[in-house]
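# Descriptive structure summary
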Amino acid sequence: MTVNRPDLGLPPGSLVYVGDRKPTETSLSIIGYDPIGSWTRTADTVEELLSYRNDAGITWINVNGLDDLESISKLAQTYGLNSLSIEDILNTEHRPKVEEFEDHLFIIAKAITWNNEKGPEYEQISIILTNNTVITFQEHPGDCFDAIRKRIEVNAGRIRKMGSDYLAYALLDSLVDEYFKTLDKLGQKLEEFENQAVDETGRHFLKQLQNVKQQVLSLRRIIWPQRESISSLARLDTDLISEELQPFLKDLYDNILQCAETIESYRELIISIMEVNLSSVSNRMNEVMKVLTIISTIFIPLTFVVGVYGMNFKYMPELEHPLGYPITWGVMVLIALGMVAFFKRRHWL
Amino acid sequence: MTVNRPDLGLPPGSLVYVGDRKPTETSLSIIGYDPIGSWTRTADTVEELLSYRNDAGITWINVNGLDDLESISKLAQTYGLNSLSIEDILNTEHRPKVEEFEDHLFIIAKAITWNNEKGPEYEQISIILTNNTVITFQEHPGDCFDAIRKRIEVNAGRIRKMGSDYLAYALLDSLVDEYFKTLDKLGQKLEEFENQAVDETGRHFLKQLQNVKQQVLSLRRIIWPQRESISSLARLDTDLISEELQPFLKDLYDNILQCAETIESYRELIISIMEVNLSSVSNRMNEVMKVLTIISTIFIPLTFVVGVYGMNFKYMPELEHPLGYPITWGVMVLIALGMVAFFKRRHWL
Amino acid sequence: MTVNRPDLGLPPGSLVYVGDRKPTETSLSIIGYDPIGSWTRTADTVEELLSYRNDAGITWINVNGLDDLESISKLAQTYGLNSLSIEDILNTEHRPKVEEFEDHLFIIAKAITWNNEKGPEYEQISIILTNNTVITFQEHPGDCFDAIRKRIEVNAGRIRKMGSDYLAYALLDSLVDEYFKTLDKLGQKLEEFENQAVDETGRHFLKQLQNVKQQVLSLRRIIWPQRESISSLARLDTDLISEELQPFLKDLYDNILQCAETIESYRELIISIMEVNLSSVSNRMNEVMKVLTIISTIFIPLTFVVGVYGMNFKYMPELEHPLGYPITWGVMVLIALGMVAFFKRRHWL
Amino acid sequence: MTVNRPDLGLPPGSLVYVGDRKPTETSLSIIGYDPIGSWTRTADTVEELLSYRNDAGITWINVNGLDDLESISKLAQTYGLNSLSIEDILNTEHRPKVEEFEDHLFIIAKAITWNNEKGPEYEQISIILTNNTVITFQEHPGDCFDAIRKRIEVNAGRIRKMGSDYLAYALLDSLVDEYFKTLDKLGQKLEEFENQAVDETGRHFLKQLQNVKQQVLSLRRIIWPQRESISSLARLDTDLISEELQPFLKDLYDNILQCAETIESYRELIISIMEVNLSSVSNRMNEVMKVLTIISTIFIPLTFVVGVYGMNFKYMPELEHPLGYPITWGVMVLIALGMVAFFKRRHWL
Amino acid sequence: MTVNRPDLGLPPGSLVYVGDRKPTETSLSIIGYDPIGSWTRTADTVEELLSYRNDAGITWINVNGLDDLESISKLAQTYGLNSLSIEDILNTEHRPKVEEFEDHLFIIAKAITWNNEKGPEYEQISIILTNNTVITFQEHPGDCFDAIRKRIEVNAGRIRKMGSDYLAYALLDSLVDEYFKTLDKLGQKLEEFENQAVDETGRHFLKQLQNVKQQVLSLRRIIWPQRESISSLARLDTDLISEELQPFLKDLYDNILQCAETIESYRELIISIMEVNLSSVSNRMNEVMKVLTIISTIFIPLTFVVGVYGMNFKYMPELEHPLGYPITWGVMVLIALGMVAFFKRRHWL
């Protein structure tokens, strides 16, 4: 929840890594493909990387880890990014957005992966889309784009037949697919909470539920701007995105919209669970009070009665009477029955 | 509440059935009609089906069950659908929408039926409207369109005299009519809850109410986008919908709007019921506490008094006094009356 | 709260009465007027009615009761209404609206009357405005338009000097005037609730308040769409409404807006009352608990002390001591005073 | 909260005074000024008043009290007001608005004054702005415009140098200045409530807070439409308002906007206070319960023990034992210490 | 929370200092720079100050302290400000805004600094941007712009190479950077509250949390209009802002948007903490009640039993029986075990 920004106070456009975690070491890789074939290479320097560019077909450059500020800056400048965009790539807390420039689109998106212990984890993905090249910057080497690499390799679907805009779309689409997996995990967790809501009155149930609520809200803070950014992508009037891609972007928007609506339904469910749980606690206290009241109100008068005949006055005629004891018992039984009748009438028993 | 999507990670446009339930076997039927007559046929293959097309009048093709991906795909492609639309037909969790294409409209709608045990059940209906043909895809063979088949057969209303756009409208209209039936059932349920809200303080009342609330919210998640989609249908500027249909679409929109407003009023009613119930529980606990307090505060001092004279001190002058016992009784009666007066003044009795 | 619609499943435009109550018998009346004079007639059949039409001046046809579907349909068709509009007239649950047609306006409005037992009652008023005729359909013969009939008769105000559009406006204006009366009654009721909110902790107070809240919400569901419909009426660009009428429509809109704002202030007041009441219940329980706690914690230790000296051990030196009894009393008084001091310090006394 | 409208049922444009209070007697006064000088006169009749008009410079006519319907009507008609506007002047419950007519602007505004006992009090101010004349209608003779009269008299600021539009602006500006004073009083009141929120658990605290909340909400119902009306005034495209006035109107809008935001912050503060108070009540009950529980659970077992040895069985070996009494004391001390340890572990002590 | 405005009642444009604190003494300083060099001077009078103007490069005049109304007014008028703008400079409670004039922009912004005891503190910064000059008015001499002075001095970043519009942007950017620091401090505080929410049930926890909530809300009231004002600055169509500055303003807007979203997430977190805390208090009371009930319901019946055999009736056969005492013990153990079994079944133990 804290806002840790070492760049504060520096001139705008200064290159500093901003994020909660230490940046991982930068590694560079490049994929080239066209309808006929594809190849993959890794490189140690930006110069080496750029020498592999595939001028005929589509080039996809992937940068893993944001540690090497110099290489990232050099690569970005090669493709005409201004210093503010480079600053955004390095600020891993940036909100999702799409920015249009003369010869490239600059997209910031978020990958969400589910960690069984900590809940959803976020990674910032920056995408630069030019006419025939896509550059992606990932925070950590990870596998969120492996399926797409595979599809390029085995020529699955239409990816090899289409332009760099389709590649950028496919990358965003695979991110949104991951969102659904995280939502599914959260949904399962909420179902467990829902089942326990009536019986669980411990002090930590709500604490844990609030934890999940915070996770849902943090997801929401990612998914809503992502939805906006995809919506603005679909409405962009730019040569970088071909007419052919429109139905795919619309479909992508439908998907992210479903994510957003699922998030909203989770929020409503959490409120429901909390209400049920609070009411359960209150009902239970009601029950406890009733038991206490029934036992107390039956026995307190009886205890008074036996107290009376435990007094040591010299002149107490009842004590001498041969039927004193059984009559006292009779009276006490009557009092007890009267109380029970009273509770019955109030529907407490 | 979970999001089960086997299509995640596949290339966009891949044909996979997405839904909570196993898809039912596909069956194909076709109805042809014009102002003069009508006929119905079933077919085993798409080819057979297509051979029955009624080029002169209106053709209505109905596909029941989404099991046979190949036939569905072949049929859809015949009518010019792209692979993303076909994917949407197979994704039974898709939200309602209307999409305009050059030569057809693609409509996703939801049928809602009431199940006495589980509450509202949803079925996705995909409708393709071309110039003289309507194709409908249903998840399960069911009777939600039987009334319309009848109207075509017996030439009731104006359906036989109008175009394929009127058929599509009539289908949507019959779906919205079903919504009202479900809303009616929910309304009856809520009325029961309303009547019990003051007396019912058990732990499961609210749980059940929350269940209904979740049903209302899930209905809302269907009906609101349905409302949007019908609204956009009414505003479409397309040759596929004749000018003549406008008042019908406006009427349809009025109906779905009434559904949406009814849903909102149900939400408000549920909140009311919960507030009454919570306050009832709290009032009841107040009552229980009062009884406990009255009984306790009357008898605890009396029990103390009788305890005093139960002590075994050798030198207790009161015990020897002949009027000790009756005077003690007098004092105790006075204490009890004082307490009762105190409660009276506080309006506890 | 239930949605009772016998028209579900019928073809659109089918003529069925839809409403919670049995429709009352239809009666027909007609008023003609011009700046010079006015007359009133009743008729048994539509034909007779139409024969009375006042071609020179303004004609106001009033239909009371929606029982006679045939006459209503015939009358409506004479004035060019389509079957969907006629269906709307017969559906007394329709929401307020204004629809513009080539030669007439079709207005659905609601009359609200206050029933001292059941709260606000609704009646649907359908108004058809043509060039020189106004047709009104009421659910029940009633007096909500009597003041206007009088004004026509005695030539009060400007009604006789203006066109049919002014008549339609005057009808809507008199409906909105009735709204204020109902709001006034509700306001008085809420004032009573407000005065009782602190003292009333019975279980039925909130139930009754919720009843009023439901009434306020149902009013709101009428008045908000009515506001919209009047607003759209004022913005209509049609020859049926003369330029001269604009300030009147704006004034009417100001009035319905005040209704809407009053409703909102009622909602806020109800929330206030509920909060005060809930807090009162909680404060009262706090008070009850304090009394219980004070009495218990003073006497429980004392009762223990007297219990000690009620024991029958053979060797208890205190019992033999001549000052044992008075010293015990002294100790008990000290304990009681200590407890009282403790409560004083905690501000419980 | 009630809606008292004697004009209901009358034809639109009927002249009836509408308000909660009896209208005060009408008095007429007129001020004329130009850059060189100024004069003030009172008049008994409208004719006399009109004879004083200052055709060269600016004329400001002030009408105090709405009792004399005839004079008001005559004066208003002289300046071209229609009957609906006159009706609005007499309806002191009208919401703030600005209406543009061909040769005049009609402005309804509200003066708010603080009454130490009843809170904010409202007075309706109607302003008519023509080319060189401003007419103001006040409900009661009062001093809300005295500062402006002074400024005209002593030629302070730019008021004498500018047109009638500046006078109208200055009047509205002085009304908004008064709003700040009322907001300041309310703010002080809320600060007191805030300081008491933790300690005050009496039943009337929330009742009084709700009172202030209702005052805040009623202010809000005045200030929000006033804000709208000033905003629309600033956007009007009319010859009656000179270009020169624009920055002043913008400044006025900034001020009323600050009022509106202050009101919103008050609402949030009230919610905060209520939450703190409710939680205080609940914490206090928790404390009370703890004391009761600690005292009860320590002494109830001890009382049982002493009760055991108060029994009169013939054969109870403990009673005969010479150490029976001291051993019993030891056991009781152990029980008490065990209980205290238990409470310590639960952090109740 | 109070609204202290000594200017109320004065003519608009009157020069009065408005603020909660005494204004500090005015001091004047001036910085001149161009791509080649920079210099700083202080001045005692406005005349001296103006004599230092740097006509070739960029001039930045800084006014610290709003005490010397005359100098401020003279300086402002030199740069063409109207009296309303000068009034705004002196009203330190003004909301952030951007106003466009023919030859200058007038910007009101807020500096936020964190005070460890009082939370966020606000200072109003007024900025006048002309073609080659920026004038800033600060309430107090402070260091919020020191980093920028340094950057000008050492020629860091691009500041010396760009125009006065970039200087104004850099000033706003450094203010927004400070916002993040304050948000970070608040975030840390909220984290502490979050950790204590389950265990802390004291009466002052919520009071302190509400304090922080009020701080968050007051921040929100600054940051939201600041966001609007920066958004309108980015959309201004004026020659005073060069095309080159657009990406910087967009970046600035992204930053302030992140502030606004962080504030919203803080609000949600505070609600979460409150819910957890309230539920903790309620759970704890539940626990306390259970202990009381268990102890009471076990011992109250036993105390009754021993009371019975403490009675002094002459004829009580049990007392004479040699096994009376042990049998009584047996019965009491059975009762206690029965109670424990009952609690076990209800899951209270």
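Bear in mind the structure is a predicted one, so any value in this text is a computation, not a measurement. (Residues numbered from 1 in each chain as written. Chains lettered and ligands numbered in written order. Predicted model: local features only at pLDDT ≥ 70, side-chain atom pairs only at ≥ 80, totals over all residues. Heavy atoms only, no water.)

### Topic: the overall build of chain A
- When helices and strands are counted, chain A shows nine helices and seven strands.
- The C-alpha atoms of chain A give a radius of gyration of 35 Å, which is well past the 20 Å a tight globule of 349 residues would have.
- Based on the C-alpha atoms only, the size of chain A along its principal axes is roughly 120 × 45 × 30 Å.
- Considering chain A as a whole, with its 349 residues, one finds that 59% of them fall into the buried category.
- The long-range share in chain A, meaning contacts at least 24 apart out of those at least 6 apart in sequence, stands at 67%.
- Of the roughly 13,900 Å² that chain A leaves accessible, carbon and sulfur atoms contribute 51%.
- For chain A, the distance from the average site of its 34 positive side-chain charges to the average site of its 49 negative ones is 9 Å. (Helix = DSSP H or I, 4+ residues; strand = E, 2+ residues; numbered from the N terminus. Rg over C-alpha atoms; globule rule 2.2 N^0.38 Å. Buried < 20%, exposed > 50% of the residue type's maximum accessible area, 1.4 Å probe, protein only. Contact = heavy atoms within 4.5 Å. Areas by Shrake-Rupley, 256 points an atom, 1.4 Å probe, with all protein chains shown as cover. Lys, Arg positive; Asp, Glu negative; His and termini not counted. Charge placed at Lys NZ, Arg CZ, Asp CG, Glu CD.)

### Description of the relation of the copies chain E and chain A
- Note on the identical chains: chain E maps onto chain A by a rotation of 72 degrees and an axial translation of 0.0 Å, with an RMSD of 0.1 Å. The two molecules are tied by a five-fold rotation axis, judged by turn and shift. Among all residues of chain E, the one whose C-alpha sits closest to the rotation axis is G310 of chain E, at a distance of 4.6 Å.
- A different interface surface on each copy is seen, since only 17% of the contact residues of chain E are contact residues in chain A too. (Least-squares fit on C-alpha atoms with pLDDT ≥ 70 in both.)

### Comments concerning the UniProt feature "transmembrane region" (unreviewed entry) in chain A
Residues and elements named next belong to chain A.
- When the UniProt feature table is mapped to this numbering, "transmembrane region" (unreviewed entry) covers residues 291-311 and 323-343.
- Helix makes up 86% of residues 291-311 and strand 0%, with an end-to-end C-alpha separation of 30 Å.
- What you have in residues 323-343 is 95% helix and 0% strand, and the ends, taken at the C-alpha atoms, are 30 Å apart. (UniProt positions renumbered as here; feature names shortened; annotations may be inferred.)

### A short note on the domain arrangement of chain A
- Annotation of chain A at the domain level lists domain 1 (2-279) and domain 2 (285-345).
- Averaged C-alpha coordinates put domain 1 of chain A and domain 2 of chain A at centres separated by 74 Å. (Domains from an automatic or database assignment.)

### With respect to the packing of helix 7 (residues 246-308) of chain C against helix 6 (residues 205-235) of chain D
- Running from N to C, helix 7 of chain C and helix 6 of chain D cross one another at 165 degrees; their axes reach a closest spacing of 10 Å. In terms of their interaxial angle, helix 7 of chain C and helix 6 of chain D are classed as roughly antiparallel. Handedness of the crossing formed by helix 7 of chain C with helix 6 of chain D: right-handed. From helix 7 of chain C, E261, S265, E268, L269, I271, S272, E275, V276 and S279 of chain C reach across to helix 6 of chain D, where they touch L206, K207, Q210, K213, Q214, L217, R220 and R221 of chain D.
- Of the residues assigned to the contact of helix 7 of chain C with helix 6 of chain D, the class counts are five nonpolar, five polar and seven charged. (Axes fitted to C-alpha atoms, helices over the stretch in contact; angles between N-to-C directions. Parallel < 35°, antiparallel > 145°, perpendicular 65-115°, else oblique. Left-handed = near helix turned anticlockwise from the far one by under 90°. Nonpolar A, V, L, I, M, F, W, Y, C, P; charged D, E, K, R; others polar.)

### Here we look at the interface of chain E and chain A
- Taken together, the contact between chain E and chain A spans 71 residues of the former and 63 residues of the latter.
- Carbon and sulfur atoms make up 61% of the surface buried where chain E meets chain A, a total of about 5,800 Å² over both sides.
- When residues of chain E are sorted by the area they lose upon contact with chain A, F304, N312 and F313 of chain E head the list and together hold 12% of the total.
- Along the contact surface separating chain E from chain A lie seven salt bridges.
- Measuring nitrogen to oxygen at the nearest pair gives 2.8 Å for the salt bridge that ties K314 of chain E to E320 of chain A.
- Taken together, the links from chain E to chain A amount to 17 residue pairs in polar contact (both at pLDDT 80 or more). (Buried area = accessible area lost by both parts, 1.4 Å probe. Salt bridge = Lys/Arg side-chain N within 4 Å of Asp/Glu carboxyl O. Polar contact = N/O pair within 3.5 Å; in protein donor to acceptor, adjacent residues only side chain to side chain.)

### Observations regarding the sheet that holds strand 7 (residues 133-138) of chain D
All names here are of chain D.
- The strand order across the open sheet formed by seven strands is 2-1-3-7-6-5-4, and the pairing between neighbours is mixed. Edge strands, defined here as strands with exactly one partner in the open sheet, are strand 2 (38-43) and strand 4 (97-100). Shown here is a sheet whose adjacent strand axes are inclined to one another by a mean of 20 degrees, direction ignored. (Pairing = 2+ DSSP bridges.)

### Considerations on helix 3 (residues 83-90) of chain A
- Buried residues dominate helix 3 of chain A, accounting for seven of its eight residues.
- Elements that come into contact with the buried residues of helix 3 of chain A comprise helix 2 (69-78), strand 4 (97-100), strand 5 (105-115), strand 6 (119-129) and strand 7 (133-138) of chain A together with helix 7 (246-308) of chain E.
- In this structure N82 of chain A caps helix 3 of chain A, since a side-chain oxygen of it lies 3.2 Å from the backbone nitrogen of L84 of chain A.

### Some points on the interface of chain C and chain B
- On the side of chain B, 71 residues touch chain C, which itself brings 62 residues to the contact.
- Both faces combined, the contact of chain C with chain B buries some 5,800 Å², and carbon together with sulfur accounts for 61% of it.
- Along the contact surface separating chain C from chain B lie six salt bridges.
- Where R95 of chain C meets E261 of chain B, a salt bridge forms, and the shortest distance between an N and an O atom there is 2.5 Å.

### Quick word on the arrangement of the chains
- Over all C-alpha pairs, chain B and chain D never come within contact, reaching a minimum spacing of 9 Å.
- Nothing in chain B touches chain E, and the closest approach of their C-alpha atoms is 9 Å.

### Overview of the relation of the copies chain C and chain B
- Overlaying chain C on chain B yields an RMSD of 0.1 Å, the required transformation being a rotation through 72 degrees with an accompanying axial translation of 0.1 Å.
- An asymmetric contact is evident, with only 19% of the interface residues of chain C recurring at the interface of chain B.

### Here's the deal with the packing of aromatic side chains
- If you walk through the whole model with that rule in mind, you get 50 aromatic pairs over all chains.
- Here a set of aromatic residues connected by ring pairs shows up, and it is made of Y166, Y169 and F248 of chain A.
- Sitting over the ring of W39 of chain A, R41 of chain A keeps its end group 5.1 Å from the ring centre.
- Across the ring face of Y52 of chain E, the terminal group of R41 of chain E is positioned such that the distance to the ring centre comes to 5.2 Å. (Phe/Tyr/Trp six-rings, centres within 6.5 Å; stacked < 30°, edge-to-face > 60°. Lys NZ or Arg CZ within 6 Å of the ring centre and 35° of its normal.)

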